[in-house]
Amino acid sequence: MDKILVHGGPALRGNVRISGSKNSALPILAATLLTKEPCIIHRVPDLSDIHYMLTILSELGCEVERASGTVQIKAETVITDAPYDIVRKMRASVCVLGPLLGREKEATVSLPGGCVIGDRPIDLHLRGFEALGAAVRVQAGNVKVLAPELRGATINMRGKFGSTVLGTDNIMMAAVLAEGTTVIDGAAEEPEVVDLADFLNKMGAKIEGAGTRRIIIEGVKELHGAEHTVIPDRIEAGTFLVAAAICGEEVTLQKVAPAHLVSVTEPLQRAGYFVEANCDTITVRRNGGCLPLELETQPYPGFPTDMQAQMCALLATSQGISVITEHVFPQRFMHLAELKRMGANIELQGATAVINGVDQLSGAPVMASDLRASAALVLAGLTADGVTEINRVYHIDRGYESIDDKLNQLGAKIERVKGSK
Ligand code: EPZ
């Protein structure tokens, strides 16, 4: 397994180009199952999670062609049983259920396992499919959905941790070909849900209200092929904003959507950083030390859970006591033990991390555990004294396109050491 060595100290400066959004590309690629005609998707990031999704779609019968950031997919004929050995590797595979049910009126997908950020149920997805008229059966680790016909319904997608992003996506994709009108109440409002709805509407769907809590879908008879460019990855962008805050002089992110990042740029301004947004760029400049913050993760447009670990890395060396409460995935704190190995002073009280800023972190061997926790360890390594060795780098490669190369282009000193397979 590869590992990376982060040599702490160099200041970051310059421009970095942000990739297309992983969490937008994944459901959009799944949505191409809804038509027999070819679809062309641009700005698809080169990530292992994307590779998994394209493999699943090929196994389902799709013709898949990829040329750098553009993917062409044609689902002329499909099977409806997704392969367990790939699906189990990536929870987001669950978003093939909705389009398969919408197109073929049946689908079988292995139940997504839990992961280190917590239990990953899909009860809200399944409740939504049942409301549309599907029978749902869970057996031998698989979930099977079957519907002689799909009829529009009013469905509430909120659970005790807020709405569900992929659940909203799945119900939208099942409802676009249902008879009649579907109303999704308590819908997720994330920009990635809006991007999916935009793509579906280009395919001939009739969806209104994406980006609000109430989405209305008028079922249509069929969908046609479409071409689409994926929105920028707001979490990759947020990660680089924090990198710039941790050890930047002046860093400019290019090809971003500043409107998607207000819940990250606003706290950075409160922490004392100079942040300037233009149409598709954001510039961050240090302006003295990092002031402490109180943050709570919430569904969009609140502070994103996918930025919680990265903020812990920044606040570990802030001037005072910071508090971060995790409301979306209350167990999402695997990064704390590793940050403490680097000298951070953090105490976990339930789903709240109390961070007592220290002057300096120290490089150490640390273990990556999930995608965003791994990114947080890279960020901490940038400012630590000495070398931080991060093992199990495959976690990072799932969601960041060449993060080491991009950081090195800004002046960081990161080595990737090819490990034994
Ligand atoms: C999406 O996951 C993202 N993944 C996650 O990003 C992100 O953390 C999450 O949304 C929240 O923003 C993709 O888009 C591929 P949820 P998703 O369903 O849709 C509970 C990353 O790092 N819940 O919105 O799977 C659930 O347990 C990843 O890029 C139910 O209770 O998340 C959680 O507490 C990690 N029942 C909360 O809702 C359900 O049926 C939000 O989960 C579904 C979810």
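Everything numeric in this text was worked out from a predicted model, so none of it was measured.

Scoring rules and cut-offs
Residues numbered from 1 in each chain as written. Predicted model: local features only at pLDDT ≥ 70, side-chain atom pairs only at ≥ 80, totals over all residues. Heavy atoms only, no water. Helix = DSSP H or I, 4+ residues; strand = E, 2+ residues; numbered from the N terminus. Rg over C-alpha atoms; globule rule 2.2 N^0.38 Å. Buried < 20%, exposed > 50% of the residue type's maximum accessible area, 1.4 Å probe, protein only. Contact = heavy atoms within 4.5 Å. Areas by Shrake-Rupley, 256 points an atom, 1.4 Å probe, with all protein chains shown as cover. Polar contact = N/O pair within 3.5 Å; in protein donor to acceptor, adjacent residues only side chain to side chain. Pairing = 2+ DSSP bridges. Axes fitted to C-alpha atoms, helices over the stretch in contact; angles between N-to-C directions. Salt bridge = Lys/Arg side-chain N within 4 Å of Asp/Glu carboxyl O. Right-handed = clockwise from strand over helix to strand, strands pointing away. Domains from an automatic or database assignment. Buried area = accessible area lost by both parts, 1.4 Å probe. Nonpolar A, V, L, I, M, F, W, Y, C, P; charged D, E, K, R; others polar.

### Here's the deal with the overall build of the protein
Here's step 1: Along the protein, the regular secondary structure elements total 14 helices and 25 strands.
Here's step 2: Rg of the C-alpha trace for the protein: 21 Å, near the compact-globule value of 22 Å for 421 residues, within the 12% margin.
Here's step 3: Relative to its 421 residues, the protein shows a buried fraction of 57%.
Here's step 4: At a minimum sequence separation of 6, the contacts of the protein that also span at least 24 residues come to 73%.
Here's step 5: Accessible surface, the protein as shown: approximately 16,200 Å² in total, 48% of it carbon and sulfur.

### Here's the deal with helix 1 (residues 22–31)
Here's step 1: Summarising burial for helix 1: nine of the ten residues are buried, a large majority.
Here's step 2: Of all the positions in helix 1, only Lys22, Ser24, Ala25, Leu26, Pro27, Ile28, Leu29, Ala30 and Ala31 are classed as buried.
Here's step 3: Residue Ser21 occupies the N-cap position of helix 1, its side-chain oxygen lying 3.3 Å from the main-chain nitrogen of Asn23.

### Structural notes on the sheet that holds strand 3 (residues 39–42)
Here's step 1: Spatial strand order, 4-5-3-15: four strands in an open sheet with mixed pairing. For this open sheet the edge positions go to strand 4 (63–67) and strand 15 (227–229), each flanked by a neighbour on one side alone. Pairs of neighbouring strands in the sheet enclose a mean axial angle of 15°, with direction left out of account.
Here's step 2: Of the pairings in the sheet, the one linking strand 3 to strand 5 (residues 70–74) comprises three bridges and is antiparallel in character. The residue bridging Cys39 from the neighbouring strand is Ile73, located in strand 5.
Here's step 3: Strands in contact with helix 2 (residues 48–59) are strand 4 and strand 5; relative to strand 4, the strand with the most contacts, it is inclined by about 150°.
Here's step 4: Running at roughly 160° to strand 15, helix 7 (residues 191–202) makes contact with strand 3 and strand 15 of the sheet.

### Some remarks on the pattern of salt bridges
Here's step 1: The tally for this structure, following the rule as stated, stands at 21 salt bridges.
Here's step 2: Residues Glu76 and Lys74 are paired through a salt bridge, measuring 3.5 Å at the closest nitrogen-oxygen approach.
Here's step 3: Overall, the relative accessible area of 40% leaves Glu76 in the partly exposed class.
Here's step 4: On the basis of relative accessible area, Lys74 is assigned to the partly exposed category, the value being 25%.
Here's step 5: Between Lys221 and Glu179 there is a salt bridge, and its shortest N-O distance comes to 3.3 Å. Pair noted here: Lys221 is in the loop between strand 14 (215–218) and strand 15 and Glu179 is in the loop between helix 6 (165–175) and strand 12 (181–185), with a separation of 42 residues, a long-range link.
Here's step 6: You can call Glu179 partly exposed: its relative accessible area is 39%.
Here's step 7: Three or more residues are tied together by salt bridges with common partners; here these are Asp2, Asp397, Asp404, Arg416 and Lys418.

### Examining the pairing of strand 19 (residues 294–297)
Here's step 1: With burial as the criterion, only one face of strand 19 is covered, namely that bearing Leu295 and Thr297; the residues Glu294 and Glu296 on the opposite face remain uncovered.
Here's step 2: As judged from the four bridges shared by strand 19 and strand 20 (residues 321–326), these two strands associate in the parallel manner. Considered in strand 20, the bridge of Glu296 is made with Thr325.
Here's step 3: For the handedness criterion, the β-α-β arrangement of strand 19, helix 10 (residues 308–315) and strand 20 is classed as right-handed.

### Quick word on the sheet that holds strand 1 (residues 3–7)
Here's step 1: The strand order 23-24-1-25 describes an open sheet built from four strands, whose pairing is mixed. At either margin of the open sheet sits one strand with a lone partner, and together these are strand 23 (365–367) and strand 25 (413–417). Looking at each pair of strands side by side, their axes are set apart by 20° on average, direction ignored.
Here's step 2: Summarising the sheet, strand 1 and strand 24 (residues 387–391) pair through four bridges and their orientation is antiparallel. When the sheet's bridge partners are listed, Leu5 is paired in strand 24 with Glu389.
Here's step 3: Contacts from helix 12 (residues 371–383) reach strand 1, strand 23, strand 24 and strand 25 within the one sheet, and its direction differs from that of strand 1 by about 30°.

### Some thoughts on the domain arrangement of the protein
Here's step 1: Its domain assignment divides the protein into domain 1 (3–19 + 232–417) and domain 2 (22–229).
Here's step 2: The straight-line distance from the C-alpha centre of domain 1 to that of domain 2 is 30 Å.
Here's step 3: Across the boundary between the two partners, domain 1 contributes 27 residues, which contact 22 residues of domain 2.
Here's step 4: In total, domain 1 and domain 2 occlude about 2,000 Å² of area from one another, counting both sides; carbon and sulfur atoms represent 53% of this.
Here's step 5: Together, Tyr300, Phe329 and Arg398 form the three largest contributors to the area buried by domain 1 at its contact with domain 2, with a combined 29%.
Here's step 6: There are two salt bridges connecting domain 1 and domain 2.
Here's step 7: One salt bridge connects Asp49 with Arg398, and the closest N-O pair in it is separated by 2.7 Å.
Here's step 8: Here domain 1 is connected to domain 2 by nine residue pairs in polar contact (both at pLDDT 80 or more).
Here's step 9: Residue composition of the side of domain 1 that touches domain 2, by class: eleven nonpolar, six polar and ten charged.

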